[in-house]
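So the chains spell out like this:
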Amino acid sequence: MPRLNPRLRDRPRRGIPLRAVAPNAVTALALCFGLSAVRFAIAEQWELAVGTIILAAVLDGLDGRIARLLKGESRFGAELDSLSDVIAFGVSPAVVMYLWSLQYMPQFGWTIALSHAVCCALRLARFNAQIDATEQPRKAAGFFTGIPAPAGAGLVMLPLYIWLAFGQQVAIFRSAYIVAPWTAMAAILMVSSVATFGWGSLRLRRGVRFEAIAVIALAGGALISAPWPTLSLFTLGYLGAIPFSARSYARIKRQRAAAARTPAAPPATDLPS
């Protein structure tokens, strides 16, 4: 059997490893769904515009887990994920909200829409700049710094959810003078330093895990049967949880500081007999 040339054997492999293809394909698919929202918004198909962004958020939550499951994490995947997030959760929601409402504010509507896209890009740039940092106390505790990009996209579209749920009865929610400050607030939350809950920071007691499964099942049923009111409630619930997440991380931070100030006990030594 011929032996492989040592120079060829030691040469670094080029291209993407096979195990990284699946998660990166999911990321690219999320980008496609997110960008398709612009096409549906141009056609004034608002339900499809919102639905494609939400589907992109679901895929964005899956790609990292697939990469860890297949051990296919790579720097290429991290960069692709950030680029996908900027388009799917920064550019697309900004264009959707502009075409739906902000275009009727002639002087500042486009500027407000741009603020969402720019703040999403700044947030992801900050994340990429810290990706190789050895000490990330918030990430280690399971918290995000600011709201993540998919949550920012979901939050900025809350007026659209309410309008889709109740129609002309709440036509005021389509007013640019309501949508503009709401969009600016969502943009600021993305680049803020407030600690927000991540999946790693959530803990369920053993006594309520069965009930949690039932609640999740009911929430899924409500999302299918009445998507827009359910999405509105989910978004308001997430917004209301932000003060609690900040307080929870502040408590963890105090506990860590107290543990760091406590001197370690000296090692036990045998006394001379």
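A brief look at the structure comes next. (Residues numbered from 1 in each chain as written. Predicted model: local features only at pLDDT ≥ 70, side-chain atom pairs only at ≥ 80, totals over all residues. Heavy atoms only, no water.)

**Considering the packing of helix α4 (residues 75-100) against helix α7 (residues 149-156)**
Relative placement of two packed helices is described by the angle separating their axes and the distance separating the axes. Closest axis-to-axis distance for the α4/α7 pair is 9 Å, and the angle between their directions is 10°. Relative to α7, the element α4 is oriented roughly parallel. For the pair α4 and α7, contact is made by Asp85, Phe89, Pro93 and Met97 and by Ala149, Pro150, Ala153 and Val156, respectively. Taken together, the residues of the contact of α4 with α7 break down into seven nonpolar, no polar and one charged. (Axes fitted to C-alpha atoms, helices over the stretch in contact; angles between N-to-C directions. Helix = DSSP H or I, 4+ residues; strand = E, 2+ residues; numbered from the N terminus. Parallel < 35°, antiparallel > 145°, perpendicular 65-115°, else oblique. Contact = heavy atoms within 4.5 Å. Nonpolar A, V, L, I, M, F, W, Y, C, P; charged D, E, K, R; others polar.)

**A look at the nonpolar core**
Within the largest apolar cluster, 49 residues are counted, with the highest numbers of intra-cluster contacts made by Trp46, Val96, Met97 and Leu160. Counting residues per element, this core draws most heavily on helix α9 (residues 176-191), at eight residues. Here Trp46 is in contact with Ala41, Val96, Leu99, Trp100, Leu160, Trp163, Leu164 and Arg174, once residues within four sequence places are set aside. (Core = buried A, V, L, I, M, F, W, Y, C linked by side-chain atoms within 4.5 Å. Buried < 20%, exposed > 50% of the residue type's maximum accessible area, 1.4 Å probe, protein only.)

**Comments concerning α7**
Of all the eight residues making up α7, six are buried; the element is thus mostly covered by neighbouring parts of the structure. Among the residues of α7, those classed as buried are Ala149, Gly152, Ala153, Gly154, Leu155 and Val156. Residues of α7 that are buried make contact with α3 (46-70), α4, α5 (109-129), α8 (158-166), α9 and α11 (227-261).

**Some details on a nonpolar patch on the surface**
A cluster of nonpolar side chains, contributed by Trp110, Leu114, Val118, Leu122 and Val191, occupies part of the molecular surface with about 430 Å² of accessible area. A per-element tally of the nonpolar patch places α5 first, with four residues. The residue Trp110 is located in helix α5 in this model. (Patch = residues over 30% accessible without salt bridge, like charges linked within 9 Å, V, L, I, M, F, W, Y side chains within 5 Å. Areas by Shrake-Rupley, 256 points an atom, 1.4 Å probe, with all protein chains shown as cover. Salt bridge = Lys/Arg side-chain N within 4 Å of Asp/Glu carboxyl O.)

**A few points about the environment of Ala117**
As for its placement among the helices and strands, Ala117 is situated in helix α5. It is 7.1 Å that separates the C-alpha atoms of Ala117 and Val86, two residues lying 31 residues apart in sequence. Filtering out sequence-adjacent residues up to four positions away, Ala117 remains in contact with Gly90, Val91 and Ala94.

**Observations concerning the packing of aromatic side chains**
The tally for this structure, following the rule as stated, stands at five aromatic pairs. The structure contains a cluster of three or more aromatic residues connected by ring pairs, namely Phe143, Phe197 and Tyr249. Here Arg174 stacks its cationic end above the ring of Trp163, 4.9 Å away from the centre of that ring. (Phe/Tyr/Trp six-rings, centres within 6.5 Å; stacked < 30°, edge-to-face > 60°. Lys NZ or Arg CZ within 6 Å of the ring centre and 35° of its normal.)

**Looking at the pattern of salt bridges**
Throughout the structure, instances matching the rule amount to one salt bridge. For Glu79, the salt bridge is made with Arg75, and the minimal N-O distance between the two is 3.2 Å. In this pair, Glu79 and Arg75 are both assigned in helix α4, four residues apart and thus about one turn of the helix distant. Owing to a relative accessible area of 32%, Glu79 belongs among the partly exposed residues under this scheme.

**With respect to the side chain of Ser245**
Along the chain, Ser245 falls in helix α11. Taking the relative accessible area as the measure of exposure, Ser245 reaches 1% and is therefore buried. Dropping the residues within four chain positions of it, Ser245 is found in contact with Phe143, Ala195, Thr196 and Phe197.

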